[in-house]
Amino acid sequence: MTENADGRRWWHGAVIYQLYVRSWRDSNDDGYGDLRGIIERLDYLSWLGVDAVWLSPTMPSPDDDWGYDVSDYTGVHPDLGTLADLDELIDQADQRGMRVLLDLVPNHTSSAHPWFTDAASGREAEHRRYYVWADPRPDGGRPNNWLDFTGRPAWQWHDSGQYYLHNFLPGQPDLNWWEPAVHQEFARILEFWFERGVAGFRIDVANGLYKDAELRDNPPLDSDNPLEGVFGMRFVYNSNRPETHGVYRDWRKIAESYSPERLLLGETWVPDAQRLAAYYGDNDELQLGFNFPFALADLDPARLAAIVEQTLAALPSGAGPVWMGSNHDLGRFPSRWCGGDERKIRLALLVLATLPGTTVLYYGDEIGMTDVDVPPALRRDHATLDLEGGADRDRARTPMPWDGSPGSGFTGPGVTPWLPMVDPPVSTVADQRDKPESTLSLCRRLLALRRTELGRGLADFENLAVTEGVWTYRTGPLVVAANFTDRPADMPAEAGEVLLTTSAEQAPPSPGVLRPWEGVVTRR
Ligand code: GLC
């Protein structure tokens, strides 16, 4: 984990593990995962070979949106532990060479945040301007046509005589980034955590923050790409505003004033490489922005190859991409991309592990964990619970299946976990850990190979070909050949000596042949 004057940064080449804290390991048998549970299992992460963890929201919150509604930006949620636990986690991770990223939510707060309680107390309140308030239209109607992420109007009438804006739930009022005091508050929040050794932030709704000063109506949607807009409306005036870039230029200076440099990894919900690259600025804004077009592509090599190439071409010099297939909103790639087919899961892991830049694995990806069908009565995601046909986000937030014991190693025997476990656990960490042919062992080998062969830095990358479903690329000194079809395929001529195969079959393949859905890492 070096930091060099030559532009290398600790996250270049790194693997970040997204850990949904409530579902990872429950140390006190209350049914919720917690920080002490993570401390207990840090050796697992170090054995797996990850460089950093990103913790899903850890700050105090009424949990309308499971921590994405923050009521105190410098605390720890009592369900998850204490500030002392977090300090210990950072320290223990550091001793194992791992870093800790937190989730920061700057687009909105909880309506229970003291800023909002004050703001709502009257039009002259000190914090009134921290939020986006607007008068009704002359006919008494809402200020404009904006909808929140559930498709309902984004304006909530308040008895102080104005509407307030919520791009998410009514309990998540949007902050007003036109107000300079909001900038000062967040600069202090960043410094508070950086001083404690937090290595950086995943920034929630990073393309939100500023809203159009005139609150203009959003135009109609002319695309079926959910990254352009939803509910018939393009995201033009309620997000993606040019002024937001200034926030990240300021934050980047703060991040760079620490050693090692702190990382800003944005949830950049944008549809193409150009608009993604805009959030990197001239390599003076976010150091990383999530690539949603990649995650939302099918397991289609031509599409994936094109997105990788376009992304690398669009990023400013010195900056690197970040790749992921799963998260707590989109669901798990073993289901979405792979339909639970283990061969495909292993192939996708190979791709994620060998692309240049930074890779984010979601907890459970390493064992090929698929989405869990959570019966409606047991669902906990308030945001989507009462939505007809709404995305069920609980399916990808269920507890980690560690072993076959009662409680599955997640919680104690007889404790009801906050979301149901896979029942019975299909394939646990314990089942897979010592089996060389398991997905977990493969994932660990891939991460080790990535570390030794691709090293630290931004490996150069070249798409060699996508021919009849076989994707061949050069990444650093390696050539990867991946067969995305149900048929055996010829080994591409560019491939060299096979260092690793995704195939779980013990029998060697015929020389020169890739099995269906087999990928190999080779050296020439
Ligand atoms: C982000 C989070 C999501 C949350 C939303 C509002 O998209 O990933 O889980 O509901 O922001 O904070």
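Above this note sits the structure.
Figured I'd write up the structure that's included with this text. Values in this document were obtained by computation on a predicted structure and should not be read as measured data.

### Thoughts on the pattern of salt bridges
- Tallied over the full model, the rule gives 39 salt bridges.
- One salt bridge connects Arg-202 with Glu-267, and the closest N-O pair in it is separated by 3.5 Å. Separated by 65 residues along the polypeptide, Arg-202 in strand 7 (residues 200–203) and Glu-267 in the loop between strand 10 (263–266) and helix 7 (273–278) bring together distant segments of the chain.
- Among the residues examined, Arg-202 registers a relative accessible area of 1% and is labelled buried.
- Note that Arg-252 is salt-bridged to Glu-256, the shortest N-O span being 2.9 Å. Placement of both Arg-252 and Glu-256 in helix 6 (residues 244–256) is noted, with a separation of four residues, approximately one turn of the helix.
- Owing to a relative accessible area of 42%, Glu-256 belongs among the partly exposed residues under this scheme.

### Some thoughts on the packing of aromatic side chains
- The tally for this structure, following the rule as stated, stands at 41 aromatic pairs.
- Taking 6.0 Å as the distance between ring centres and 25 degrees as the angle between the ring planes, the aromatic pair formed by Tyr-44 and Trp-47 counts as stacked. Here Trp-47 and Tyr-44 lie together in helix 2 (residues 42–48), a separation of three residues that amounts to about one turn.
- Looking at Tyr-44, the relative accessible area reads 4%, which means it is buried.
- With centroids separated by 5.5 Å and ring planes inclined at 40 degrees, the aromatic side chains of Phe-194 and Phe-201 adopt a geometry described as tilted.
- Judged by relative accessible area, Phe-194 falls into the buried class, the value being 1%.
- Joined through ring pairs, the aromatic side chains of Tyr-73, Trp-115, Tyr-130, Trp-177, Phe-186, Tyr-248, Trp-251 and Tyr-279 make up one cluster.
- The aromatic ring of Trp-402 is capped on one face by Arg-41, whose charged end is 4.5 Å from the ring centroid.
- Lying over the aromatic face of Trp-133, Arg-128 brings its terminal NZ or CZ to 3.5 Å of the ring centre.

### Quick notes on the nonpolar core
- Ranked by internal contacts, the top residues of the largest apolar core, which has 143 residues, are Tyr-17 and Leu-55.
- Counting ten residues, the second largest nonpolar core, distinct from the first, contains Trp-146, Ala-154, Tyr-163 and Val-236.

### A look at the state of the cysteines
- Inspection of the entire model under this criterion finds zero disulfides.
- Between Cys-338, a cysteine without a disulfide, and Cys-443, which holds the nearest cysteine sulfur, the sulfur-to-sulfur distance is 13 Å.
- For Cys-338, a relative accessible area of 3% puts it in the buried group.

### Here we look at the sheet that holds strand 20 (residues 519–523)
- Taken together, five strands build an open sheet; the order of strands is 14-15-16-20-18 and the sheet is antiparallel. The sheet is open, and its two borders are formed by strand 14 (461–467) and strand 18 (497–501), each paired with just one other strand. Sheet twist, expressed as the average angle between the axes of neighbouring strands with direction ignored, equals 20 degrees.
- Examined bridge by bridge, strand 18 and strand 20 share four bridges and lie antiparallel to one another. Each residue of the ladder has a partner; that of Glu-497, found in strand 20, is Arg-523.
- Helix 9 (residues 301–314) rests against strand 14 and strand 15 (470–475) of the sheet, and its axis sits at about 155 degrees to strand 14.

### Overview of the site of the ligand
- The ligand sits among 14 residues. The nearest are Asp-65, Asp-204, Glu-267, His-328 and Asp-329.
- In the environment of the ligand, an oxygen atom lies 2.5 Å from a nitrogen or oxygen atom belonging to the side chain of Asp-65.
- Asp-329 places a side-chain nitrogen or oxygen 2.5 Å from an oxygen atom of the ligand.
- Isolated, the ligand exposes 310 Å² of accessible area, and the fraction of that covered by the protein chains is 95%.
- Looking at the shell around the ligand residue by residue, the class counts come to four nonpolar, three polar and seven charged.

### Examining the sheet that holds strand 12 (residues 322–324)
- A sheet is described by the order of its strands in space; here eight strands give the open sequence 11-10-7-3-2-1-13-12, paired in parallel fashion. Each end of this open sheet is capped by a strand with a single partner; those strands are strand 11 (288–289) and strand 12.
- Pairing geometry for strand 7 and strand 10, over four bridges, is parallel. What sits directly across from Gly-200, in strand 10, is Leu-263.

### Some points on the side chain of Asn-327
- With respect to the helices and strands, Asn-327 occurs in the loop between strand 12 and helix 10 (333–336).
- What makes Asn-327 buried here is its relative accessible area of 4%.
- Ignoring any residue separated from it by four or fewer positions in sequence, one finds Asn-327 in contact with Gln-18, Phe-292, Tyr-362 and Ala-396.

### Looking at helix 14 (residues 439–454)
- Compared with the 22 Å implied by 1.5 Å per residue over 16 residues, the 21 Å span of helix 14 between its first and last C-alpha is a close match.
- The complete set of buried residues in helix 14 reads Thr-439, Leu-440, Ser-441, Leu-442, Cys-443, Leu-446, Leu-447, Leu-449, Arg-450 and Leu-454.
- Positive phi appears at Gly-455, one or two residues downstream of helix 14, with a value of about 65 degrees.

### What to know about the pairing of strand 1 (residues 15–19)
- Along strand 1, five of the five residues are buried, which leaves the element largely enclosed by surrounding structure.
- Covered by surrounding structure in strand 1 are Val-15, Tyr-17 and Leu-19 together with Ile-16 and Gln-18, the residues of both alternating faces.
- Two strands pair when backbone bridges link them, and strand 1 and strand 13 (residues 358–362) are joined in this way by four bridges, in the parallel orientation. The residue bridging Val-15 from the neighbouring strand is Thr-359, located in strand 13.
- Pairing of strand 1 with strand 2 (residues 52–55), which is carried by four bridges, proceeds in the parallel orientation. Looking across to strand 2, one finds that Leu-19 is bridged to Leu-55.

### Brief notes about the environment of Asp-29
- Within the element layout of this structure, Asp-29 appears in the loop between strand 1 and helix 1 (35–40).
- Asp-29 sits in the partly exposed class, given a relative accessible area of 43%.
- When the C-alpha atoms of Asp-29 and His-382 are compared, they prove to be 23 Å apart, with 353 residues separating the residues in sequence.
- When sequence neighbours within four positions are dropped, the list of residues in contact with Asp-29 reads Thr-411, Gly-412 and Val-415.

### Considerations on the environment of Glu-468
- Note on placement: Glu-468 falls in the loop between strand 14 and strand 15.
- Taking C-alpha positions, Glu-468 is 8.7 Å from Phe-484, a pair spaced 16 residues apart along the chain.
- If sequence neighbours within four positions are ignored, Glu-468 has contacts with Thr-485 and Arg-487.

Cut-offs used in this document
Residues numbered from 1 in each chain as written. Predicted model: local features only at pLDDT ≥ 70, side-chain atom pairs only at ≥ 80, totals over all residues. Heavy atoms only, no water. Salt bridge = Lys/Arg side-chain N within 4 Å of Asp/Glu carboxyl O. Helix = DSSP H or I, 4+ residues; strand = E, 2+ residues; numbered from the N terminus. Buried < 20%, exposed > 50% of the residue type's maximum accessible area, 1.4 Å probe, protein only. Phe/Tyr/Trp six-rings, centres within 6.5 Å; stacked < 30°, edge-to-face > 60°. Lys NZ or Arg CZ within 6 Å of the ring centre and 35° of its normal. Core = buried A, V, L, I, M, F, W, Y, C linked by side-chain atoms within 4.5 Å. Disulfide = S-S within 2.5 Å. Pairing = 2+ DSSP bridges. Axes fitted to C-alpha atoms, helices over the stretch in contact; angles between N-to-C directions. Contact = heavy atoms within 4.5 Å. Near = heavy atom within 4 Å. Polar contact = N/O pair within 3.5 Å; in protein donor to acceptor, adjacent residues only side chain to side chain. Areas by Shrake-Rupley, 256 points an atom, 1.4 Å probe, with all protein chains shown as cover. Nonpolar A, V, L, I, M, F, W, Y, C, P; charged D, E, K, R; others polar. Expected span 1.5 Å × (residues − 1).

Note that all results are geometric; they support no functional claim without further evidence.
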